[in-house]
Structure formats: C-alpha cells, structure tokens
Amino acid sequence: MDFNSGKPIYLQIADYIKAQIMSGEYGAGEKIPSVRELSMILQVNPNTVCKALVQLEDEGLIVTERTNGKFVTTSDVILQKEKEKKIRRITECFVEQLESIGVKKQDIENVLISYLKEIK
C-alpha cells in the first residue's frame, strides 16, 4: 500500500485483491483470507480492510457465506467484465501516454498489430 498516495487505502486494497483475483491467485469460488489475515498481511487497520471488502462485494466480485467467510464469485460474466474493465483502463493509459508524446492513433494501431503478429 502506498500510504503517501492520494488514493484512499481501502481502494488500494480493493485493487490489490482484484489483481489477485484476475491473476488467478484467488480463483473463482475460492475463499479469500479473513479480514484479520488481510489486515496483518497488508499492515492496515481491519476496518479499512472491511471497507475494501464491502466495495468488492458491492461490485459482485466477492460473496459472503454466513459463518463460512468471503469467496470469489463463481460468475464468469462478472469476472470477464472486470477483466475487460482492467484491459480498457490499461489501454486508455497506454494510448494517452503515446498521444502525449505526439504519436498518432494510426501509428499506435500499426505498431500494436505488428507486435501482436510477432509474439504469436
């Protein structure tokens, strides 16, 4: 966690857990660590972790099973939408950075197509 960042810690925690889900560290239907465990791992207040988990639950990425804990959703639709949102955010940032140094959209497209062909 970047405590000096302007981004609230609970959102950084939510992003961290999303990244763990997207990378497969926490698979669909898998139990995630408890609030206490996460607060110890991340060195943050348990209330901050709770706020992050509420955020993820509101987004549908995790579900709570009473007395059993919190689990990654098993909904492929929700997981795919989250992955697409992440890809879009990264792509937007990438394009904005290139445009800021004067690269035209057509040149970006040509380089991407060429690169993707190379790595096949």
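In the block above lies the structure referred to throughout.
Residues numbered from 1 in each chain as written. Predicted model: local features only at pLDDT ≥ 70, side-chain atom pairs only at ≥ 80, totals over all residues. Heavy atoms only, no water.

Draft legend 1. Broad picture of the packing of aromatic side chains. Per the stated rule, a full pass over the model turns up zero aromatic pairs. Taking NZ or CZ as reference, K51 lies 4.4 Å from the ring centre of Y10, over its face. (Phe/Tyr/Trp six-rings, centres within 6.5 Å; stacked < 30°, edge-to-face > 60°. Lys NZ or Arg CZ within 6 Å of the ring centre and 35° of its normal.)

Draft legend 2. Region of interest: the nonpolar core. Ranked by size, the top nonpolar core spans 19 residues in total, and within it I13, I17, I21, L53 and L56 carry the most contacts. The element contributing the most residues to this core is helix α1 (residues 9–23), with six residues. Not counting residues within four places of it along the chain, the set of residues in contact with I13 comprises M1, L42, V44, T48, V49 and A52. (Core = buried A, V, L, I, M, F, W, Y, C linked by side-chain atoms within 4.5 Å. Buried < 20%, exposed > 50% of the residue type's maximum accessible area, 1.4 Å probe, protein only. Helix = DSSP H or I, 4+ residues; strand = E, 2+ residues; numbered from the N terminus. Contact = heavy atoms within 4.5 Å.)

Draft legend 3. Broad picture of the pattern of salt bridges. Going through the model one piece at a time under the given rule, you end up with eight salt bridges. Among the ionic pairs, D15 bridges to K7, the shortest N-O distance being 2.2 Å. Classification of K7 by relative accessible area gives partly exposed; the value is 35%. A salt bridge links E92 to R88; the nearest nitrogen and oxygen atoms lie 3.0 Å apart. Linking E92 with R88, this pair stays in helix α4 (residues 76–100), spanning four residues, or about one helical turn. On the accessibility criterion, R88 (56% relative accessible area) is exposed. (Salt bridge = Lys/Arg side-chain N within 4 Å of Asp/Glu carboxyl O.)

Draft legend 4. Spatial organisation of the packing of helix α2 (residues 35–42) against helix α3 (residues 46–58). At their nearest, the axes of α2 and α3 sit 9 Å apart, and the two run at 115 degrees to each other. Relative to α3, α2 is oriented roughly perpendicular. Handedness of the α2/α3 crossing: right-handed. Side by side, α2 and α3 meet where V35, L38 and S39 of the first sit next to P46, V49, C50 and L53 of the second. Considered class by class, the residues forming the contact of α2 with α3 number six nonpolar, one polar and no charged. (Axes fitted to C-alpha atoms, helices over the stretch in contact; angles between N-to-C directions. Parallel < 35°, antiparallel > 145°, perpendicular 65-115°, else oblique. Left-handed = near helix turned anticlockwise from the far one by under 90°. Nonpolar A, V, L, I, M, F, W, Y, C, P; charged D, E, K, R; others polar.)

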